[in-house]
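What the coordinates show
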Amino acid sequence: MKKYYVHTFGCKVNQYESQLISEKFRNDNLEQVQKPDEADIIVFNSCTVTADADKECKYFLRKAAKLPNKPRIILTGCIVKNKNINIRNLFPNIEIITDKTKLFIENQKQTISGFDKRSRVFLKIQDGCNSFCSYCIVPHVRNTIWSKPENKVLLEIENLVKNGYSEIVLTGIHIGKYDGGLSNLVEKITRIPLDFRIRISSLELNEIDDKLIDLIKINTEKICRHLHIPLQSGSNEILKQMNRKYSTKTFEEKINKIVRILPDLALTTDIITGFPGETEKHHKETCDFIKRILFARFHIFRYSDRQGTKASAFKNKVPTNEIKNRAKHLLEIDSVKRRDFLNKNVGTKRKAVKIGKDKALTDNYIIVKRQSEVWDAKYGIKNKLPVDEKQQSGIFEIEITGTSEI
């Protein structure tokens, strides 16, 4: 029996698609292995959102090419769709598959039965983006807008829950563009009469409607109290150059409204530092702005030129050392935000699912670590795990402690 290994780079959508690839190989009677040097076939499912993502992919390709077992190497994903990277010239002996769906059981089906080595499932409901933020390569490499039919989403969730998964993360490249409306889909998901919860992944500010907020408020058991809303910059000048569709005023007003309705919400965001033309004044505006907003944590990205995007042609590039210093400053603010959010929650009890062997993730995105056998006894945990090791997953109540993380 031939053996395969799949290595995934990048986003949740890629991880979902790697699961589709894995299920296709198993359907073809291949055996999955955990090490590339044991595989007859290696699939690299790539990302190209930053220069670092490109470097990481090339590094692993070089390593795989030197393996003594001489596996068949397949490269797919976003890097092969990036017209500015001639990956074929760099690695002439690998097999490149531009259309990833050729590696799925059925091109359009895109339905999984489980999620390898995970207790939570990333469920792809949408693909593609046409927003063309000036810094972003994604619309150039994932430009086909697609939404999974509503009935297929509901059936996939039912099957995954029946297979033992209790948290389903709705994901896509731009899920706010879900055909038929994301809030309408979420409403129908909440009506599924099974014990599970959903978490909504990254969502643009302008695509969060009142109906979605009301659904989160009402469905405390079914929808996680967590929203990831990308900000990118706290400077109106930079937001305009980024081609973002809001101002800091509209962002703050909308966030304040959401937090008033959902005071226990974990609000996370993305921030890009060092965008071309970003001055110290712009950086200060961002710092002052994010201090005011009740964020629980940030994902901080150092600006990375992506050839082919509008921003790559902008002048006044910020020096690398300055970007590094600004990122460090933002991380300091992030550290304070995380601590404040945790302190507000210490001593409260939240619903959680296990992640890994000794951690649990609450609905409001806090990681609680197992501390001792006392912790296990208090919450009825077996085998020193958040749930029985034989159980795929489960939702249980847990107390947030001072050693928790977000």
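Report on the accompanying structure. Here the structure is a predicted model, which is why all the values come from computation and not from measurement. (Residues numbered from 1 in each chain as written. Predicted model: local features only at pLDDT ≥ 70, side-chain atom pairs only at ≥ 80, totals over all residues. Heavy atoms only, no water.)

All right, on to the pattern of salt bridges then. By the definition in use, this model includes 32 salt bridges. The partner of K124 in a salt bridge is D127, with the nearest N and O atoms 3.1 Å apart. Comparing K124 with D127 shows no difference in burial state: the two are buried. Across the salt bridge formed by E150 and K188, the nearest N and O atoms sit 2.6 Å from each other. With E150 in helix α5 (residues 150-162) and K188 in helix α6 (residues 182-190), the pair connects residues that are 38 residues apart, well separated along the chain. By relative accessible area, which is 24% here, E150 ends up partly exposed. Among the ionic contacts, a cluster of salt bridges with common partners joins E17, K100, K124, D127 and R142. (Salt bridge = Lys/Arg side-chain N within 4 Å of Asp/Glu carboxyl O. Buried < 20%, exposed > 50% of the residue type's maximum accessible area, 1.4 Å probe, protein only. Helix = DSSP H or I, 4+ residues; strand = E, 2+ residues; numbered from the N terminus.)

Strand pairing within a sheet occurs via backbone hydrogen bonds; the two strands may be parallel or antiparallel. In space, the four strands of this open sheet follow the order β15-β14-β13-β16, with antiparallel pairing throughout. Two strands close off the open sheet at either side, each with one partner strand: β15 (367-369) and β16 (396-399). Strand-to-strand twist across the sheet, computed as the mean angle between neighbouring axes with direction ignored, equals 50°. For strand β14 (residues 359-362) and β15, the ladder comprises three bridges, and the chain directions are antiparallel. Considered in β15, the bridge of L361 is made with I367. (Pairing = 2+ DSSP bridges. Axes fitted to C-alpha atoms, helices over the stretch in contact; angles between N-to-C directions.)

Per the stated rule, a full pass over the model turns up 12 aromatic pairs. With a centroid separation of 5.6 Å and 75° between ring planes, the pair formed by F275 and Y303 is classed as edge-to-face. With F275 in the loop between β11 (266-273) and α10 (280-292) and Y303 in the loop between β12 (297-302) and α11 (320-345), the pair connects residues that are 28 residues apart, well separated along the chain. Neither residue differs from the other here; F275 and Y303 are each classed as buried. A connected cluster of aromatic rings, assembled from ring pairs, spans Y246, F251, F289, F295 and F298. Sitting over the ring of F122, K12 keeps its end group 5.6 Å from the ring centre. (Phe/Tyr/Trp six-rings, centres within 6.5 Å; stacked < 30°, edge-to-face > 60°. Lys NZ or Arg CZ within 6 Å of the ring centre and 35° of its normal.)

Worth remembering: the numbers are spatial, not functional.
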